[in-house]
Amino acid sequence: MKAYALFRKDLHSELRTRYAVNSLAMFIIVAISVILFSIGQEKINENLTAGLFWVVIFFSAMSGLARAFVSEEERGTALTLQLIAAPSTVFSGKLIFNIVLVFAMNTIISLLYAALFESFVIKNFPLFFTTFVLGNIGLAVSSTIIAAIIAKAGSKGTLYPVLSFPILLPLILTSVSLTLSSIDGTSFAESIFEIAIVACYDVIMISAAYMLFDFIWKD
Amino acid sequence: MSSYSVVAENLNKSFGRRLIFTNLNFNFSDNGIFGITGPNGSGKSTLIKIIAGVNTATHGKIIHQHDGQKIVPEKLHNYIGFVSPYLFLYDEFTAWENLSYTSDIREIKLNIERVEYLLNEFLLYNRRNDDVKTYSSGMKQRLKFIFALMHQPQLIILDEPTSNLDDSGKESVYKIIEEEGKENIVLIASNEKQDLALCNSTLAIEDYKNQTENRI
């Protein structure tokens with residue numbers, strides 16, 4: 001309940017300031033427009049479609065998800081949070097907010113892709129849905145803990161994608177492969193190994209994030 | 001009346017090679033107003049952040065006890081009220097929203113009577129539904145006192161409590177400090193003579209500097 005209250009506070013703050021939503025929306029529109037302009041009338045193959053789909057997701061996440069902690073540090077309200085909530089509550093609240101944001105963002109990206117890219121036709125929807133859910137959770141967890149780390153650093157803007165890239169690489173690569181399989185129509189059973197990788201990634205990141213957050217949050 | 005105590009055992013803090021204080025021991029218990037003094041940069045704010053559990057000591061420990069039971073760090077925030085110039089509330093929310101969200105996050109039912117009493121005491125009742133970004137620095141400082149006192153904490157930590165306050169604001173603060181000091185522990189980190197005049201005893205942080213620090 002405490003984490004949910006923190007999530008409500010963040011959501012209310014976001015609706016007032018539109019700090020993350022505006023930057024995410026602008027990035028999604030610009031990135032998809034650039035891809036559409038660059039491919040012109042060409043029909044891109046499925047490999048490239050799946051890769052570009054996750055490129056847009058990765059960089060959109062980089063442009064908006066750091067907000068969870070960076071805005072608290074920049075406004076000096078991180079101390080306020082330390083004085084009213086335990087570290088695990090703060091992390092849970094921020095994680096819920098980022099999960100909601102990632103799901104909303106990626107739903108919009110998926111719908112735009114489906115509408116604008118001929119080659120983005122999902123033949124195995126359950127596989128795509130599983131990839132979408134597990135991939136989003138992994139992305140939200142990793143982005144949240146990295147945001148907590150970089151929030152105290154000087155050059156946050158540069159550090160965030162640089163630090164996120166190696167940590168998110170296993171997730172992105174596996175998710176690209178699973179997205180390609182769902183476009184190809186590969187069966188669920190044939191993709192079970194990759195699904196297990198993404199599920200394990202999520203479990204490892206959630207465990208590591210909760211174990212490390214105490215140390216990151218205090219001085 | 002519940003009993004609360006804060007005990008420091010051989011507290012030591014250094015930033016890299018720079019020693020802030022060493023071998024610091026104290027015991028504040030039950031009630032009273034205690035001062036922490038020292039020149040700028042001597043480590044007053046660092047010490048009170050360590051006491052509040054938002055910073056960690058390099059060596060030694062702080063023990064908080066309530067009714068003889070040791071308080072675990074995860075629960076410590078429920079017993080502490082904190083005011084300082086480097087504490088900020090959410091500018092995009094009104095005073096009431098800030099206090100309401102604070103209660104929700106603490107999972108404590110908002111004590112409307114208490115909050116309204118404090119809003120009146122600190123002359124903010126008529127502005128309670130205005131965004132904090134429209135407040136002057138003195139009004140923000142007064143709101144911090146309401147934020148710190150609304151959950152009736154047993155340990156009230158005040159870092160430069162009267163900064164940015166006008167005479168009426170200072171009067172409200174001194175009145176509240178004296179009231180709270182009768183039942184709770186109030187720690188004041190300040191160099192203001194008027195602030196320190198309220199204290200039952202003071203701790204001079206300069207007395208805990210290692211004389212060899214410049215030779216490290």
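Attention in this report is confined to the structure presented alongside it. Here the structure is a predicted model, which means the values were calculated and not measured. (Residues numbered from 1 in each chain as written. Chains lettered and ligands numbered in written order. Predicted model: local features only at pLDDT ≥ 70, side-chain atom pairs only at ≥ 80, totals over all residues.)

## Focus: the overall build of chain B
The line we're drawing: Strands are runs of DSSP state E lasting at least 2 residues, helices are runs of H or I lasting at least 4, and numbering of each runs from the N terminus. The reference for a compact globule is 2.2 Å times residues^0.38; the radius of gyration itself is calculated from the C-alpha atoms. We call a residue exposed when 12 or fewer other C-beta atoms sit within 10 Å of its C-beta, buried when the count reaches 20 or more, and partly exposed for counts in between; the C-beta positions come from the backbone. Any two residues are considered in contact once their C-beta atoms, placed from the backbone, lie within 7 Å.
From N to C terminus, chain B includes six helices and nine strands. The C-alpha atoms of chain B give a radius of gyration of 17 Å, which matches the 17 Å a tight globule of 216 residues would have. Taking all 216 residues of chain B together, 40% fall into the buried category. Long-range contacts, defined as pairs at least 24 residues apart, comprise 74% of the intrachain contacts of chain B with a sequence gap of at least 6.

## Some words on the interface of chain A and chain B
To be explicit about the condition: Put simply, Ala, Val, Leu, Ile, Met, Phe, Trp, Tyr, Cys and Pro go in the nonpolar bin, Asp, Glu, Lys and Arg in the charged bin, and everything else, Gly too, in the polar bin.
Listed by partner, the interface residues are 20 residues for chain A and 20 residues for chain B. Where the side of chain A that touches chain B is concerned, the elements lending two or more residues are α1 (2-17) and α5 (78-84) of chain A. The greatest single-element share of the side of chain A that touches chain B, amounting to seven residues, is contributed by α1(A). Of the residues contributing to the side of chain A that touches chain B, the split by class is eight nonpolar, six polar and six charged.

## With respect to helix α4 (residues 137-149) of chain B
All names here are of chain B. Threshold: By this rule, a helix spans an expected 1.5 Å times one less than how many residues it contains.
Relative to the 18 Å expected for 13 residues at 1.5 Å per residue, α4 spans 19 Å between its end C-alpha atoms, a close match to the ideal helical length. Most of α4 sits inside the fold, with ten of its 13 residues counted as buried. Those residues of α4 not exposed but buried are M139, Q141, R142, L143, K144, F145, I146, F147, A148 and L149. Where the residues of α4 are buried, they touch β6 (80-83), α2 (95-106), α3 (112-121), β7 (155-159) and α5 (167-183).

## Here we look at the packing of helix α2 (residues 19-39) of chain A against helix α6 (residues 87-116) of chain A
Residues and elements named next belong to chain A. Convention followed: Only the stretch in contact is used when fitting a helix axis, every axis being a line fitted to C-alpha atoms; angles between N-to-C directions are given from 0 to 180 degrees. By the definition adopted for this analysis, an angle is roughly parallel if under 35 degrees, roughly antiparallel if over 145, roughly perpendicular if from 65 to 115, and oblique otherwise. What makes a crossing left-handed is the near helix being turned counterclockwise from the far one by less than a right angle; a clockwise turn instead makes it right-handed.
Packing of α2 against α6 brings their axes to within 11 Å, and their N-to-C directions diverge by 25 degrees. What the angle tells us is that α2 and α6 run roughly parallel. Seen from above, α2 lies across α6 with right-handed handedness. Where α2 approaches α6, its residues A20, L24, I28, I32 and L36 are matched on the opposing element by L101, M105, I108, I109, L112 and L116. Across the contact of α2 with α6, the residue classes tally to eleven nonpolar, no polar and no charged.

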